[in-house]
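# Examining the three-dimensional arrangement
Take a look at the letters that make up each chain.
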Amino acid sequence: MDSTAPGLRSELTSPPPHMTPEEFRQHGREVIDWIADYWERIESMPVASTVAPGDIRAMLPDAAPEEAEPFENLLADLDRVVMPGVTHWQHPGWFAYFPANNSPPSVLADTVSAGLGLIGLLWSASPALTEIESHVLDWLVDLLDLPQQWKSTSAGGGVLQGSASDSTHVAMVAARYRARQRGSQPVERMVAYTSAQAHSSIEKGANVAGFGAVRLIETDERFAMRPAALRAAIDADVTAGLLPAFVCSTVGTTGTTAVDPVDEIAQVASPAGLWHHVDAAYAGTAMICEEFRHHQRGIELVDSYVFNPHKWMMVNFDCSAFYVADRGPLTDALSITAPYLRNAASDTGSVIDYRDWQVPLGRRFRALKLWWVLRSYGAAALREMIRHHVALTTEFAARLTDDDRFEIVAPHPFSLVCFRCRPADDSEGAQAAADRSTDALAAAINASGTSYLTPSKLNGRSIIRVAIGQARTDRRHLETLWDTIAAATGA
Ligand SMILES: *Cc1c(COP(=O)(O)O)cnc(C)c1O
């Protein structure tokens with residue numbers, strides 16, 4: 001009975017003691033001030049955190065507090081506990097991985113999204129969340145010159161996922177569904193293909209989706225997938241009684257921003273009945289500029305596409321735009337209607353329920369930050385940013401080319417340049433020495449605190465990736481990087 005469960009007796013319970021509206025306003029201003037100060041002083045901090053494993057946890061109490069703490073303590077611990085363990089992704093000397101650049105309107109929009117606290121599982125659960133998302137993703141179809149069929153007003157449509165990995169996984173689930181519709185082959189016989197330079201998320205997605213095998217297709221001297229090698233792999237699998245079901249082309253690989261020939265891969269994939277997905281997680285944003293669109297030639301022939309506004313478009317993580325040319329296989333694969341999800345709007349089929357376009361049921365109002373960024377900057381300024389970053393990359397690459405101590409190891413069509421110390425000759429000894437010099441140079445740059453980049457491997461040799469796409473990065477930050485390289489190499 002209720003009387004035996006003390007916590008449930010109504011005379012003893014009350015809502016939690018919230019901040020008053022006045023306190024919230026005051027602390028809200030303090031938090032926004034804190035973020036603004038952070039952005040102002042970010043350049044004075046070393047880019048990468050230097051704490052040792054466990055250092056941050058050691059500053060935390062063993063148990064959660066029983067009594068409330070004043071908000072001042074929380075803010076103070078941002079500086080005392082959090083900041084030492086922060087690696088500053090928004091630092092203009094950030095050249096590591098790919099950028100995850102953000103912007104004031106994006107951060108404000110995410111704050112509003114948190115304040116609204118919506119879960120947009122169905123259209124009816126908050127119509128604005130769904131309709132703004134559909135509409136802004138349709139805008140992006142035009143801005144990136146993607147096929148008109150991908151608009152939600154047509155046969156396809158776009159949806160925001162949390163990450164490119166999620167988007168690719170969902171593409172594989174749709175591909176698996178379509179392949180099963182077409183034949184009665186078990187999933188374990190289905191094979192997925194991608195290039196040897198593709199992102200690890202393709203292989204992971206195939207594993208999660210239960211594909212029987214993933215083939216990593218050989219690349220050419222520009223690190224792009226060889227369509228002939230893809231064709232040979234598909235033929236061999238068909239001969240072996242397997243079912244080729246999925247291929248992922250990459251426009252802008254993570255390793256070097258290599259571009260697979262989407263049109264030629266489509267010529268192989270379409271007749272063989274494969275689902276063709278394009279991973280343009282980083283480089284997709286560049287398609288807002290007309291001069292990069294030749295890199296996505298053949299895009300009208302593919303089944304699905306992903307790019308991350310959270311990498312290079314000043315929309316803070318997480319925001320991954322996923323498109324399908326035909327939404328049928330996707331929603332058929334993912335739609336399960338429990339009785340509590342039935343509602344009049346969904347039953348008429350006149351609305352989009354994004355729960356059928358993703359693995360989770362719940363989803364946040366991610367479209368708000370995308371909408372606010374597009375409106376706050378306008379497409380012209382976004383194009384300018386892309387061109388600025390690509391120009392900085394071209395300049396930096398020219399410096400490397402002019403210096404015979406270094407060699408550029410891959411084409412740089414966007415804003416990533418990969419280089420290494422030039423070996424004296426082709427001998428293994430000279431190559432190994434160049435690897436050691438390259439590793440040492442990367443370590444010296446990262447220890448400088450002013451620039452941060454990612455050492456990597458290409459064809460088994462050490463390289464340095466310089467990814468230029470932080471929203472605040474300007475020419476002087478590349479000057480600093482160059483000075484650091486000069487100091488480290490004794491030039
Ligand atoms: C960054 C990247 C991914 C992974 O993106 P997430 O959103 O972190 O999952 C996938 N593919 C490519 C080409 C990438 O550059």
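Structure first, text after, so check above.
Below you will find a few notes about this structure. Note that this is a predicted model, so its numbers are computed, not measured.

### What about the overall build of the protein chain?
When its secondary structure is counted, the protein chain shows 14 helices and twelve strands. Against the globule reference of 23 Å for 491 residues, the protein chain gives a C-alpha radius of gyration of 25 Å, in line with a compact fold. Projected onto its principal axes, the C-alpha positions of the protein chain cover 85 × 60 × 45 Å. Burial status across the protein chain gives 50% buried among its 491 residues. Total accessible area on the protein chain stands at roughly 22,500 Å², and carbon and sulfur atoms take up 55% of it. Of the side-chain charges in the protein chain, 41 are positive and 59 negative, and the distance between the mean point of each set is 4 Å.

### Here's the deal with the site of the ligand
Taken together, 13 residues surround the ligand, and among them Ala164, Ser165, Asp279, Asn308 and Lys311 come closest. A distance of 2.6 Å separates an oxygen atom of the ligand from a polar atom in the side chain of serine 165. Notes on the ligand: free accessible area 390 Å², of which the protein chains cover 87%.

### Quick look at the packing of helix α1 (residues 21–41) against helix α2 (residues 71–82)
Axis separation between α1 and α2 bottoms out at 11 Å; the angle between their running directions is 10°. Relative to α2, the element α1 lies roughly parallel. Two secondary-structure elements touch here, α1 through His27, Glu30, Val31, Trp34 and Arg41 and α2 through Phe71, Glu72, Leu75, Leu78 and Asp79. Considering only residue class, the contact of α1 with α2 consists of five nonpolar, one polar and four charged.

### With respect to the sheet that holds strand β1 (residues 94–95)
One open sheet holds the five strands; their spatial order is β1-β11-β12-β10-β9, and the pairing between them is mixed. Every interior strand has two partners, whereas the edge strands, β1 and β9 (406–408), have only one. With respect to the sheet, helix α12 (residues 367–402) is in contact with β9, β10 (416–421) and β12 (461–467), its orientation differing from that of β10 by roughly 15°.

### Re the sheet that holds strand β3 (residues 190–195)
Strands in a sheet are paired, the pairing made by backbone hydrogen bonds, and the direction either parallel or antiparallel. Across the sheet, seven strands lie side by side as β2-β8-β7-β6-β5-β3-β4; this open sheet has mixed pairing. The sheet is open, and its two edges are formed by β2 (157–161) and β4 (213–217), each paired on a single side. Each neighbouring strand pair of the sheet contributes to a mean axis angle of 20°, computed without reference to strand direction. In the sheet, strand β5 (residues 243–250) pairs with strand β6 (residues 275–279) via five bridges, with the strands oriented parallel. Residue pairing across strands places serine 249 opposite valine 278, the latter belonging to β6.

### Looking at unusual backbone geometry
Along the chain, phenylalanine 317 connects to aspartate 318 via a cis peptide bond; the corresponding omega equals 10°. Residue placement: aspartate 318 occurs in the loop between α9 (309–312) and β8 (320–324). The phi dihedral of aspartate 145 falls on the positive side, at around 55°, and the residue is not glycine. Along the chain, aspartate 145 turns up in the loop between α4 (127–143) and β2. Positive phi, close to 50°, is recorded for asparagine 459, a residue that is not glycine.

### A short note on the pairing of β12
For β12, a buried count of seven out of seven residues is recorded, marking the element as mostly surrounded by other parts of the structure. Burial of β12 is two-sided: the residues Arg461, Ile463, Arg465 and Ala467 facing one way and the residues Ser462, Ile464 and Val466 facing the other way are all buried. By the bridge criterion, four bridges tie β10 to β12 in an arrangement that is antiparallel. In the strand pairing of β12, phenylalanine 419 is matched with isoleucine 464. Pairing geometry for strand β11 (residues 452–458) and β12, over five bridges, is antiparallel. Counted as the bridge partner of proline 455 is isoleucine 464 from β12. Counted between consecutive antiparallel strands, the loop separating β11 from β12 contains two residues, among which asparagine 459 sits at a positive phi close to 50°.

Cut-offs applied
- Residues numbered from 1 in each chain as written.
- Predicted model: local features only at pLDDT ≥ 70, side-chain atom pairs only at ≥ 80, totals over all residues.
- Heavy atoms only, no water.
- Helix = DSSP H or I, 4+ residues; strand = E, 2+ residues; numbered from the N terminus.
- Rg over C-alpha atoms; globule rule 2.2 N^0.38 Å.
- Buried < 20%, exposed > 50% of the residue type's maximum accessible area, 1.4 Å probe, protein only.
- Areas by Shrake-Rupley, 256 points an atom, 1.4 Å probe, with all protein chains shown as cover.
- Lys, Arg positive; Asp, Glu negative; His and termini not counted.
- Charge placed at Lys NZ, Arg CZ, Asp CG, Glu CD.
- Near = heavy atom within 4 Å.
- Polar contact = N/O pair within 3.5 Å; in protein donor to acceptor, adjacent residues only side chain to side chain.
- Axes fitted to C-alpha atoms, helices over the stretch in contact; angles between N-to-C directions.
- Parallel < 35°, antiparallel > 145°, perpendicular 65-115°, else oblique.
- Contact = heavy atoms within 4.5 Å.
- Nonpolar A, V, L, I, M, F, W, Y, C, P; charged D, E, K, R; others polar.
- Pairing = 2+ DSSP bridges.

Keep in mind that these numbers describe shape and distance, not what the molecule does.
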